[in-house]
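As a plain string of letters, each chain reads:
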Amino acid sequence: MQSSTLPAPRRVPASTGVATTGLSPIDYVRLVLKEGQRRIVVLAAIFAAIAAVTFVMGMFVMARHYQVSTTILAQESDIIQPLLEGRAVPTGVTDRAGMARQIIYGRKVLSEIIEIGGWNANGNLSAVQKDRLMEDIHGRTIITSPRADLVTITYRDTDPERTYRVTDALGTLFIRETLATKERESREAYEFIDKQVSEYHRKLTDAENNLQAYRSRNADAQPGSATDVHSRISALRTQVEQTRMTLLEQESREGSVAAQLSGESAVTSVQTRETLYRTQLIELQAELDRLLLNYTDRHPDVARVRHQMGDVQRLLEQERNRPATSATGSEDSQLNPLYQELRSQQAQARREVAATRSRMSVAESLLNSELDRSRRIAASESVLAELTRDYEVNREIYQDLLRRRENARVSMGLDQENRGLTLRVQDPATMPLRPTGLRFMHIAAAGLLAALAVPLGLLWLLVRFDPRVRSPHMVELKSRYPLLATIPAYPSPRDRRRQLVHLATAGALAVAVVLLYGLTYAYKMSNG
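Residues numbered from 1 in each chain as written. Predicted model: local features only at pLDDT ≥ 70, side-chain atom pairs only at ≥ 80, totals over all residues. Heavy atoms only, no water.

### Examining the environment of Thr144
Part 1 of the argument: For Thr144, the position within the fold is in strand S2 (residues 141-144).
Part 2 of the argument: Counting along the chain gives 48 residues from Thr144 to Arg96, while the straight-line C-alpha distance between them is 8.8 Å.
Part 3 of the argument: Dropping the residues within four chain positions of it, Thr144 is found in contact with Ala97, Leu150, Val151 and Thr152. (Helix = DSSP H or I, 4+ residues; strand = E, 2+ residues; numbered from the N terminus. Contact = heavy atoms within 4.5 Å.)

### Things to note about the pattern of salt bridges
Pairs may arise between side chains of opposite charge once their charged atoms sit close together.
Part 1 of the argument: A complete count under the given rule lists 22 salt bridges for this structure.
Part 2 of the argument: Of the charged contacts in the structure, one is a salt bridge between Glu177 and Arg176, with a shortest N-O distance of 2.8 Å.
Part 3 of the argument: A salt bridge links Arg409 to Glu406; the shortest N-O distance between them is 3.3 Å. Taken together, the residues span about one helical turn, with Arg409 and Glu406 both in helix H11 (residues 337-416) at a distance of three residues.
Part 4 of the argument: In this structure Glu406 comes out as partly exposed when scored by relative accessible area, which is 37%.
Part 5 of the argument: Sharing partners across several salt bridges, the network here consists of Lys108, Glu112, Arg176 and Glu177. (Salt bridge = Lys/Arg side-chain N within 4 Å of Asp/Glu carboxyl O. Buried < 20%, exposed > 50% of the residue type's maximum accessible area, 1.4 Å probe, protein only.)

### Comments concerning empty space enclosed by the protein
Part 1 of the argument: If you walk through the whole model with that rule in mind, you get one cavity of 30 Å³ or more.
Part 2 of the argument: Taken as a whole, the largest cavity encloses approximately 60 Å³ of empty space.
Part 3 of the argument: Every residue along the wall of the largest cavity is listed here: Ile72, Leu73, Ala74, Arg96, Met99, Asp149, Val151, Phe174, Thr178 and Leu423.
Part 4 of the argument: Mapped onto the lining of the largest cavity, the elements with two or more residues apiece are strand S1 (66-76), helix H4 (96-104) and helix H7 (160-217).
Part 5 of the argument: Here the element with the most residues in the lining of the largest cavity is S1; it accounts for three residues.
Part 6 of the argument: For the lining of the largest cavity, the per-class residue count stands at seven nonpolar, one polar and two charged. (1 Å grid on protein atoms, 1.4 Å probe; cavity = no way out; pocket = protein on both sides within 12 Å on 5 of 7 lines; lining within 4 Å. Points joined across faces, edges and corners; volume = space filled by probe spheres on them. Nonpolar A, V, L, I, M, F, W, Y, C, P; charged D, E, K, R; others polar.)

By themselves these figures say nothing about function.
Below, the structure written as structure tokens:
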């Protein structure tokens, strides 16, 4: 039989970390109990120390606090408000809690609270001590608003009687200061508006005087002057245009008459023989030119026309050679009546043109004058508009302030008689009978739980992070070798006696703590 050797298992180096990794929960519990048994006195001492510290804190360090609350109802007037709607402005505040904080946390109220609470009975508090005491009272006072018309004031203190006095005083002072604030606000509002009315009355008077003075210095700066000037300019422009059209017509007529007159002579000549001969000569010349277009000079008709032209030429020379006569005495000339009529029409047209030009010159002069006036009005319109605007604005503001002053007067009367808003204590402060907050039983329960939890937690941390091997299973797990046997430890009689002493000591400490807590709780319950 051939023997075979198994390869040696790989050795794992000793771990410097956690030695209890891989243990089951049961093994953990066993180890915790074993270590607890070994250190029973230390654990009992830790338990007793924590319980004693908690007992001292509950009995002496943590003082008992008493808490008292008062609720104030803010109620609007349901009868007067509809009657004076639009005339009186109530000075109510929607954020009641915010207003209560501003009033109660103020130095005036806190100073009175210090006197009411009896902190300064001897009058030996310094300014720094008063300031610290005010901050302390501020921190112990809570102001809430469950509804829009409710304000709850809560105060907490160690003295029940002082807690009651301070809470009651806080409610009374809040009501007093709120009503005083409302009355002061309405009075200040009335005084401010009355001051503004006086100031704007002075501004309105100054604006009216400036406007009247400017209008008196400038005749054109009158209401409606610009409209009148524009209407006048429009009429004059129409008149100038019409006059210019009339002048053009008259000049055109004059030119036409002058043109006709230039084509007429003063003396009208009648039809003379010379004129007749000239006319015949012209006609024959025209006929000759027509014939030459178709015939030659030897044509009979051309020859006939030439002979006739020669005869007419001789007669014309004879007529020219006759002795001439004067123009007035000649029987062939006379005065031209058309020429005389045209001269009369020309004179009439010239007179009309001169008159029309004169009218147009006057109209243009008036138009230029109105245009200059319009420019002066335009230059003064900016100043006049500014003065008028200042007057109108001041008048509107003044009238609005007058209405507001009367409304403020009515509101001030309502606040002085406490008709608008009514503050009354809905839930008054009462003397506290039991303290609030953590009581001794709560502190005792928390202390006992902490006294138990701390030793157990220390045992678990010891077992969890101590690198020493505490279980046979860990030997196999770390070395990878099988464990053949374990040798149990047997305590000696001396060790047993020491263990019993330790158990007795731990039990005595635990019983002492329990008795201390039990007797104290019984005493508290018996004394209320």
